[in-house]
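Observations on the three-dimensional arrangement
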Amino acid sequence: MTLLDTLNMDFLHAFLGGLAVNVGASSVALVLGGILAFALGVGMSARWRLVSMPLRTLNKLLHAVPTFVALFFLAGLVSDGSPLLGPYNDMRPVILLVLGIVVFVVASGADQFCTMFDSLEQGDRRAALLIIPSFGRAMQGLISASCFGAAIGVPEAMSVVLFTSEQMADEATRLMFFVAVGLLFVIAQKTCVLPFQLLHRFLDRRAVAAADEAGEHHEAA
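What this report covers is the structure whose coordinates are included nearby. Quick caveat: nothing in here was measured; it's all calculated off a predicted structure.

1. Here's the deal with the side chain of N89
- Assignment of secondary structure puts N89 in the loop between α4 (67-77) and α5 (92-121).
- Residues within four places of N89 in sequence aside, it is in contact with S79, D80, G81 and S82.

Structure follows, in structure tokens:
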């Protein structure tokens, strides 16, 4: 089987379908994790140390949990047919994947929100807006982390890649195949990050314009 034989329409269709699972799971995790990260960031920024210190400790613990450990822990904890999933048991692998990668979003997102709160308190709106590209980079990392879903039966892109590569007897062809697939992943990640970058540029320009206008009014006064 040559590389051209492998990279046919059937493979691309299956790969793009799996990639949609990666992006979908990552998007859901980013939203859920972002909400929890905001709440955690508010608590970490609280002026009462009895509130902020335990939450900062919790955040450090979350940072120490690798994504694959969280994923396999959940896979062992929530078995197939578990009443915890109720009518969504058929979606168990995808649900566990989302919950497993949410940990990363909560840990890193809480730090970003704390930085944003500090910047807003100092009146630096442009610095506060840096949270947008930060979440864009988080999305890129989530797409990569979602590839761990192949180990628990999630029909994502990497599972398609691994299945296809097993049919190749030639190591050179397999190497070129992984290089080609790697490029596809990079393109997909950059595409998902682009909206965050464009939004940040738009809001940053508005912040600069508002700051210039405020400066002009101050000088006129």
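2. Quick look at the packing of aromatic side chains
- Within the structure shown, the criterion is met by nine aromatic pairs.
- Aromatic pair F11 and F177: ring centres 5.4 Å apart, planes at 65 degrees, arrangement edge-to-face. Remark: F177 occurs in helix α9 (residues 171-220) and F11 occurs in helix α2 (residues 9-44); sequence separation between them is 166 residues.
- A relative accessible area of 5% places F11 in the buried class.
- Using a relative accessible area of 0% as the deciding quantity, one classes F177 as buried.
- Their ring planes at 55 degrees and their centres at 5.6 Å tell us that F113 and F135 sit as a pair that is tilted. With F113 in helix α5 and F135 in helix α7 (residues 131-145), this residue pair connects regions lying 22 residues apart in the sequence.
- For F113, a relative accessible area of 11% translates into the label buried.
- Judged by its relative accessible area of 13%, F135 falls in the buried class.

3. Considering the environment of N8
- Along the chain, the position of N8 falls in the loop between α1 (3-6) and α2.
- For N8, a relative accessible area of 31% gives the class partly exposed.

4. What to know about the pattern of salt bridges
- Taken as a whole and judged by the stated rule, the model has two salt bridges.
- Notably, a salt bridge pairs E121 with R47, separated by 3.4 Å at the nearest N-O pair. Pair noted here: E121 is in helix α5 and R47 is in the loop between α2 and α3 (49-63), with a separation of 74 residues, a long-range link.
- With a relative accessible area of 58%, E121 lands in the exposed category.
- Look at R47 and you get exposed, because its relative accessible area is 72%.

5. Some points on the state of the cysteines
- Inspection of every chain in the model, using the stated rule, returns zero disulfides.
- Just so you know, C192 is unpaired, no disulfide at all, and the nearest cysteine sulfur is the one on C147, 12 Å from it.

6. Regarding the packing of α5 against α7
- One way to put it is that α5 packs onto α7 with a least axis distance of 11 Å and a crossing angle of 170 degrees. Classified by the angle between their axes, α5 and α7 sit roughly antiparallel to one another. Taken as a pair, α5 and α7 cross one another with a handedness that is right-handed. Where α5 abuts α7, its residues I101, F104, V105, G109, Q112, F113 and M116 lie against I131, S134, F135, A138, L142 and A145.
- Split by residue class, the contact of α5 with α7 holds 10 nonpolar, three polar and no charged.

Rules and cut-offs
Residues numbered from 1 in each chain as written. Predicted model: local features only at pLDDT ≥ 70, side-chain atom pairs only at ≥ 80, totals over all residues. Heavy atoms only, no water. Helix = DSSP H or I, 4+ residues; strand = E, 2+ residues; numbered from the N terminus. Contact = heavy atoms within 4.5 Å. Phe/Tyr/Trp six-rings, centres within 6.5 Å; stacked < 30°, edge-to-face > 60°. Buried < 20%, exposed > 50% of the residue type's maximum accessible area, 1.4 Å probe, protein only. Salt bridge = Lys/Arg side-chain N within 4 Å of Asp/Glu carboxyl O. Disulfide = S-S within 2.5 Å. Axes fitted to C-alpha atoms, helices over the stretch in contact; angles between N-to-C directions. Parallel < 35°, antiparallel > 145°, perpendicular 65-115°, else oblique. Left-handed = near helix turned anticlockwise from the far one by under 90°. Nonpolar A, V, L, I, M, F, W, Y, C, P; charged D, E, K, R; others polar.

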